[in-house]
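Examining the three-dimensional arrangement
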Amino acid sequence: MNKFPTSTPIHIAVIMDGNRRWAAEKHLPALAGHKKVTDDILEPLIEYASTRGIKYMTFWAWSTENWHRDKYEVQGIMKLFKHVIKRRWQRLHEKGVRVKIIGDISQFDTEIKDGLTTLIEKTKANQKITVIFALNYGGRDEIVRAINQVISDKKQVTSNENFQKPVTSYEFLVTENEFANHLDTAQIPDPEIIVRPGKEKRLSGFMLWQCAYSELYFVDWYMPDFTPQKLDEILTDFSQRQRRFGR
Ligand code: FPP
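An account of the accompanying structure is given in this report. The model shown is predicted, which means the values in this text are computed figures rather than measured ones. Each chain carries its own residue numbering, running from 1 in the direction its sequence is written. Since the coordinates come from a predicted model, pLDDT governs what is reported: local features require at least 70, and pairs of side-chain atoms require 80 or more to be given and counted, while whole-chain, interface and lining totals use all residues. In computing side-chain properties, one takes all heavy atoms of the structure into account and sets aside hydrogens as well as water.

1. Observations concerning the overall build of the chain
Broken down by element type, the chain carries seven helices and six strands. Counted from the first residue to the last, the chain has its helices and strands arranged as β-α-α-β-α-β-α-β-α-α-β-β-α. For the radius of gyration, the atom set is restricted to C-alpha positions; the globular benchmark scales as 2.2 Å times the number of residues to the power 0.38. Rg of the C-alpha trace for the chain: 20 Å, near the compact-globule value of 18 Å for 247 residues, within the 12% margin. If one aligns the C-alpha atoms of the chain with their principal axes, the spans along those axes are about 65 × 50 × 35 Å. Think of it in three bands: residues with accessible area under 20% of the maximum for their type are buried, residues over 50% are exposed, and the middle band is partly exposed, with areas taken using a 1.4 Å probe on protein chains only. The 247 residues of the chain split such that 45% are buried. Contacts are residue-level and defined by heavy atoms, with any inter-residue pair within 4.5 Å sufficient. When contacts within the chain are restricted to residue pairs at least 6 apart in sequence, those whose partners lie at least 24 apart make up 78%. Within the structure as shown, the chain displays about 13700 Å² of accessible surface, and the carbon and sulfur contribution to it stands at 51%. By the counting rule applied here, Lys and Arg register as positive and Asp and Glu as negative, while His and the ends of each chain are not counted. Lys charges are placed at NZ, Arg charges at CZ, Asp charges at CG and Glu charges at CD. Taken as two groups, the 37 positive and 32 negative side-chain charges of the chain have centres that lie 3 Å from each other. The helix count covers DSSP runs of H or I at least four residues long, the strand count covers runs of E at least two residues long, and both are numbered beginning at the N terminus. Accessibility throughout is a Shrake-Rupley quantity obtained with a 1.4 Å probe, and a residue counts as covered only by protein chains that appear here.

Shown next as structure tokens:
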């Protein structure tokens, strides 16, 4: 008999939340919660997910709003990102993890941008699992950037001197597929599951387009407590849900 439930999601996305509350409850500085996640939580989770047949795992690590946090916390997290890019992900590369980024990384400093570009390039042929970090990511921001890209593409078509049709013509209209291909997640399947640790029950603008049919898991433990066993519980629950896609 198969040990695992039969219906395995292809893509799980995680809204990482509760790091600071986890630290505060232990009388530790806020950064200790973030560090716990990078040092002890992400790698085992990713490795376990890949053994369960999950092909994509997204982690929302930095939102477009997170820049408004206390400047020392922001500095500490940027330092942590640099450390993770340089040291930790080398191991994941060796384990066959492909890294992708969603979000507008132009806002980060050169060291982070260059580090991420190298990491994406270095891991692009890996096939075990794709890990997507959402960095300076917001769902509305992603949609607006996609719209602007669509407009810019269409402008190029309509500025062609042979293009003389009205803007309502078929060539000008956008299909769902075409729009989705302008999002940061182009070529990445929509998440079947979105998990938010940390007790809040909202998406906060995460994957606004992609979440249309996602199963939602709002759990009352914090991100630094996200063990492979907790992932198992979520997968078992998922296998018992009925997904009808409106049919
Ligand atoms: C969420 O908890 C944490 C963040 C938004 C900060 C950044 C995340 C990390 C450092 C995790 C690892 C990231 C990578 C890329 C390896 P919170 O600070 O909002 O906690 P709270 O809800 O208790 O305030």
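2. Quick notes on the sheet that holds strand 2 (residues 56–60)
Strand pairing is assigned whenever DSSP identifies at least 2 bridges connecting the two strands. Read across the open sheet, the six strands follow the order 3-4-2-1-5-6; overall the sheet is parallel. With partners counted over all chains shown, the strands left at the sheet margins are strand 3 (97–102) and strand 6 (215–218), one partner each. Geometrically, the sheet is characterised by an average inter-axis angle of 20° between neighbouring strands, direction not taken into account. Pairing between strand 3 and strand 4 (residues 129–134): six bridges, direction parallel. Following the sheet pairing, R98 is matched in strand 4 by T130. Angles shown run from 0 to 180 degrees and are taken between the N-to-C directions of axes, each axis being a line fitted to C-alpha atoms and, for helices, limited to the stretch in contact.

3. Re the site of the ligand
As a matter of local geometry, the ligand sits amid 18 residues, with D17, R20, R21, A61 and R69 nearest to it. Counted as a polar contact is a pair of N or O atoms within 3.5 Å, where, for protein atoms, one must be capable of donating a hydrogen and the other of accepting one, and residues adjacent in sequence contribute only when both atoms are in side chains. N19 is positioned such that a nitrogen or oxygen atom in its backbone is 3.0 Å from an oxygen atom of the ligand. At a separation of 2.8 Å, an oxygen atom of the ligand approaches a polar side-chain atom of R20. Polarity classes work like this: nonpolar for Ala, Val, Leu, Ile, Met, Phe, Trp, Tyr, Cys and Pro, charged for Asp, Glu, Lys and Arg, and polar for all others, with Gly in that last group. Residue composition of the shell around the ligand, by class: nine nonpolar, five polar and four charged. A molecule or strand has a residue near it when one of that residue's heavy atoms lies within 4 Å.

4. Some points on the pattern of salt bridges
The rule for a salt bridge is simple: a side-chain nitrogen of Lys or Arg has to be within 4 Å of a carboxyl oxygen of Asp or Glu. Scanning all chains against the criterion turns up 20 salt bridges. Between K36 and D40 there is a salt bridge, with its nearest N and O atoms 3.2 Å apart. You can see K36 and its partner D40 sitting in helix 2 (residues 30–51), four residues apart, about one turn around the helix. Classification of D40 as partly exposed rests on a relative accessible area of 41%. Note that D232 is salt-bridged to R52, the shortest N-O span being 2.3 Å.

5. Brief notes about the pairing of strand 2
Most of strand 2 is tucked away: five of the five residues are buried. Burial along strand 2 is two-sided: Y56, T58 and W60 facing one way and M57 and F59 facing the other are all buried. Bridge count between strand 1 (residues 11–15) and strand 2: five bridges; the pairing is parallel. Among the inter-strand pairings, A13 is bridged to a residue of strand 2, identified as T58.

6. Looking at the packing of aromatic side chains
Pairs were defined over the aromatic rings of Phe, Tyr and Trp, the Trp ring being its six-membered one, requiring ring centres within 6.5 Å. Orientation was assigned from the angle between planes: stacked under 30 degrees, edge-to-face over 60, tilted for the rest. Taken as a whole and assessed by the stated rule, the structure comprises 11 aromatic pairs. Aromatic ring contacts, followed pair by pair, group W62, W67, F81 and F108 into a single cluster. Here, over-ring charges are defined by two tests on the NZ atom of lysine or the CZ atom of arginine: distance to the ring centre within 6 Å, and angle to the ring normal within 35 degrees. A cation over a ring is seen here: K230 above W221, with NZ or CZ 5.3 Å from the ring centre.

7. Some thoughts on the side chain of T123
Relative to the helices and strands, T123 resides in helix 4 (residues 110–123). T123 gets classed as buried once you look at its relative accessible area, which sits at 1%. Among all residues touching T123, those that are not within four sequence positions of it are H93, V97, R98 and V99.

8. A word on helix 3 (residues 71–94)
Given a helix with a known number of residues, its expected span is that number minus one, times 1.5 Å. Here helix 3 is 24 residues long and its end C-alpha atoms lie 34 Å apart, about the 34 Å a rise of 1.5 Å per residue gives. Axes are fitted to the seven residues ending at a residue and to the seven starting at it; the angle between these axes is taken as the bend at that residue. At V84, helix 3 shows its maximal kink, close to 40°. What helix 3 keeps buried is the set E73, V74, G76, I77, M78, L80, F81, V84, I85, R88, W89 and L92. For helix 3, the N-terminal cap is D70; the gap from its side-chain oxygen to the backbone nitrogen of Y72 is 2.9 Å. Of the residues one or two after helix 3, G96 is the one with positive phi, at around 85°.

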